[in-house]
Every structure is written in structure tokens, then in C-alpha cells.
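Okay, here's what each chain looks like letter by letter:
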Amino acid sequence: MIKAEGLSGGYGDSRLIKNISLTVKKGEFLGILGPNGSGKTTLLHLLTGTLPAIEGSVCLAGKPLTEYKPKKLAQMMAVLPQKTEQAFSFTVKETVSFGRYPFQKGLFSQQTEEDEAMIRNAMEQTGVLAFAEKSIRDLSGGEQQRVYLAQALAQQPRILFLDEPTNFLDLAYQKELLDLIKRLTRENELTAVSVFHDLNTASLYCDEIVFIKNGTAGPKQKPETAITEEHIKALYNTKVSTFIHHQLPKPLIAIQPENSVLNQQAIPFETLLQVRSDEILLQTGIPLRTLSSAPVGSGFSWNQTFLHKRLPAQSDQKEELSAYLSENGFYPQETCAMASSGRLDRLVCRTFDDEELSVCICVMSGFSIWILINGFATDQFFVRTVMGAEAERMKVLGGEQDEHGEILVAATQTEETFSEIIEKRLNQLIRFGTAECVREAVDLLE
């Protein structure tokens, strides 16, 4: 749909963009990302022809951009800038109707029924129909942005260029605008090229991503390969963490504040345990990164309250636990809770140390296991620890029981480094400790 080759340009004799080549296919949603001052908006101006290139070329639908007449070009592409200054107090409908100008003939041509239908449809799509007779000056910045998007859509463009389109929109309208653009790329084969600051938004909506820094661009990549800790650190010179969206196979990033280390002191897990015949409670005072198969608080989460409750064997554990938490003042968002039917004061709890490594392992009624780590662990290590603990439990029990309790792994995340050597030593310590504690728990039952 659009192809740039060896594109260089800027303002005056400066070359803010240096030898960029890229191709955007029909129906593709391309995101352009990079730090402030990297040349994102300048690249957009070169691609749309509003800024002449010093070197290189841009072709639209196989034809050089410079060969299009203005009206014909406006029928092919529309541009939604960061902010549009409105010199006159036009109504919303009048503002949107300017998008039909490229299709009108003659100086005083009237709008046709088709024009009216397109204008109304564009206002409906962007949620501004209710403002049709209002002055655009009376609208908020976010409302004005939606009006200008409606104007762009009224042009029926084949390619839409956007410069940080969600800047003035609240969360709901950001989603509505991007959902609309994504739907148009899918259903109408609209091509979209947008500058983004928000990497997570670009990851969720874009088909391809181009990173730009100091006026040069890397290759087009899918979000799954572009949004990595290494790429983001190199691009923005800052440390982030990446994770996967819980419903979509899309990577997301989270910045790491300088004071992200929550606690520098080791937690004395054993001394904090409150053990009774019907309940085992641990409250750490700080959130721990947790992976659990427990009925309440399962999966990855951050918890500072850990509860194992004795419940009747045939009860609905999740419902009973949730009710108990609510009745006793626990916060479900920070609590991980599991249950079993046996006495809980037959707890086996031991701390295993290896130089700077410290792990507390608890085995409870029904052979539920808590593995509590003073230190940092990656998400991959959490998963491997759960699998390793399950393997050790099955080995000791001989696979005779059909069902066993839950496994919980929690870590203080106080260290930022996690080398392969530390991981190997910690894994050995956990597997050895788990086997020892399960054996002791078996002996208690005999």
C-alpha cells in the first residue's frame, strides 16, 4: 500500500530521518515507536508528503506520492495529527463535513445524500453524533480528537496516519478509538500507520512495529518479537519487565521504579507462622510474588497473607474460603488461601540454608506444600519449582494417592540478580528440602 525507500529528511538542511526504508501492506496496522526526539513525527510528515524528502521516495499504491494531485491524494489518505488548532468556531457536523471536500466538484458544490450518510456514519462511529450542532470550541480535548478522527474517516481513506491518537482521551475512549481503527483494518482493509508512546497499547493493537532512534529505524517486527526487555532497554535506556497479557498472546511491559525492592531483610517465616488445629496463617507484612494452585489466589499474584484452612471434605472450597475471608476481615486481593480436611497442627516446617540462600518449606494436612523463598526468582523458576516440588512429593508418596494438596511458591524478590548458578543451587535446595519435609509428614501420619 505504501512503500518508502532510502527516505531522509528534516527541517532546513537537517536530516532528522536518515535512510529509512519500510513497506506497509493493505489492511496492516503499523506502530512507530521510539523515545522523544527520535524522529517519529518527522517520519510521519515525510510519509504523508507534508514534508518534502531530501533523499529517497515514497510510493502510495505503486505511484510516487509527488505525482498525486492534492484532491486525489486526500481521497487516498487521511491524517490525524496530535492536536489540531481550530481558528473558526465551526460546529461538529461542519468540521466533520470538511472530510468530504476531496469528493466534491466545483467551488460551491452542495453535499450529496452520500456525503450526508458518510458524515453521519463517521460521527456515529466515533461517538460524537450527540455533539453535532455544538461548536467544536466548546468540547474537551478528548472530544475534539474524536471529532477530527470522524473528519478523517469521512474522507473514506485507504490509508490513515495517526500521531499519538489517544493523547487526550480517557481510558474508555482510547479503547473505543483503537478498537474502531483495528476493526476498520480488518473489515475494510484500511491501512493504518500510527505513532505511539504507549508500548502496551501498540503491542495490543498493532500487527507490526518499527522502532526508531536518532532518526534511524530498525526492521518491522511483530509485537511478540519486538517487545522484549533487551529491545526496550536499548531503545529507551531504562529497565523494564515484560509479561504476557492474560487473555491474549501479546507482550506487555512494566517500568521498574528505583525503589522497587520492597524489603532488604530476610523474613523469619517459621517464627511468623500461626499454627492451630483448624488453621495455619502467615502474614508477612510485605507482598510476596506468588504462584499457587490454591482455590483462592491461584496463578501468579502478589500476596502478604497466606492461609490454610481446615474445611469439611465435601465442601465447596473456593466458596467456603471466600466467605471465611470476607467474614474475618481478610483482603482477597492480597490473600492466597487453600484448604484440606485433616488436622493442621501436624505441620512439618523446616528452613534450609545454603550460604546466602534461605528457603522455608512447610508440608501440611493433605500434603499441601508451601515453599517460601528469601530472595529473587524469575517466573520460569516459579513454574519449575512447582513442577519439581510435585515430582518430589509423588516420589516420596509412591504415587499411591490419587489426589494431593496444593503447592504454593512465594518469594520476597529482594535481589535483582538471578544467575544460573544461584538458580541451580536453589533448585537443589528446594527439591531436597521438599522430599525431607514430605517424608516427615508421612511419618507423622503413621
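Keep in mind the model is a prediction, meaning the values are calculated, not measured.

**Student:** Please give an account of the pattern of salt bridges that cites residues and values.
**Tutor:** Inspection of the entire model under this criterion finds 24 salt bridges. Ionic pairing is found between Lys-220 and Glu-28, a salt bridge with its closest N-O pair at 2.9 Å. You can see Lys-220 sitting in the loop between β10 (216-217) and α8 (223-226) and its partner Glu-28 sitting in the loop between β2 (17-24) and β3 (29-33), a full 192 residues away along the chain. With a shortest N-O distance of 2.8 Å, Asp-115 and Arg-100 are connected by a salt bridge. With Asp-115 in helix α4 (residues 113-126) and Arg-100 in the loop between α3 (92-97) and α4, this residue pair connects regions lying 15 residues apart in the sequence. By relative accessible area, Arg-100 is classed as buried at 2%. Via salt bridges that share partners, Arg-276, Asp-278, Glu-279 and Lys-309 belong to a single interconnected network.

**Student:** If you had to explain unusual backbone geometry to someone new, which residues and values would you point to?
**Tutor:** Positive phi outside glycine occurs at Gln-156, with the angle close to 50 degrees. Tracing the backbone shows Gln-156 in the loop between α5 (141-154) and β7 (159-163). Its relative accessible area of 33% is what places Gln-156 among the partly exposed residues. In this model, Glu-164 sits at a positive phi of 50 degrees, which is unusual for a non-glycine residue. Relative to the helices and strands, Glu-164 is located in the loop between β7 and α6 (171-187).

**Student:** Mind laying out the confidence of the model for the protein, listing which residues take part and the relevant values?
**Tutor:** Per-residue confidence for the protein gives a mean pLDDT of 87; residues scoring 70 or more make up 94%. Looking over the protein, one finds the lowest element-wise mean pLDDT in helix α2 (residues 70-76), namely 84, and the highest in β3, namely 96.

**Student:** Which residues make up a positive patch on the surface, and what values go with them?
**Tutor:** A cluster of basic residues, Lys-63, Lys-69, Lys-72 and Arg-158, forms a positive patch on the protein surface. Looking at where Arg-158 falls in the secondary structure, it is placed in the loop between α5 and β7. Residue Arg-158 is classed as partly exposed on the basis of its relative accessible area of 40%.

**Student:** Please give an account of a nonpolar patch on the surface that cites residues and values.
**Tutor:** Residues Phe-300, Val-383 and Met-387 make up a contiguous nonpolar surface patch of roughly 270 Å² in combined accessible area. With respect to the element layout, Met-387 can be found in helix α12 (residues 379-397). Classification of Met-387 as exposed rests on a relative accessible area of 57%.

Reading the values: rules and limits
Residues numbered from 1 in each chain as written. Predicted model: local features only at pLDDT ≥ 70, side-chain atom pairs only at ≥ 80, totals over all residues. Heavy atoms only, no water. Salt bridge = Lys/Arg side-chain N within 4 Å of Asp/Glu carboxyl O. Helix = DSSP H or I, 4+ residues; strand = E, 2+ residues; numbered from the N terminus. Buried < 20%, exposed > 50% of the residue type's maximum accessible area, 1.4 Å probe, protein only. pLDDT = per-residue confidence, 0-100. Patch = residues over 30% accessible without salt bridge, like charges linked within 9 Å, V, L, I, M, F, W, Y side chains within 5 Å. Areas by Shrake-Rupley, 256 points an atom, 1.4 Å probe, with all protein chains shown as cover. Lys, Arg positive; Asp, Glu negative; His and termini not counted. Charge placed at Lys NZ, Arg CZ, Asp CG, Glu CD.

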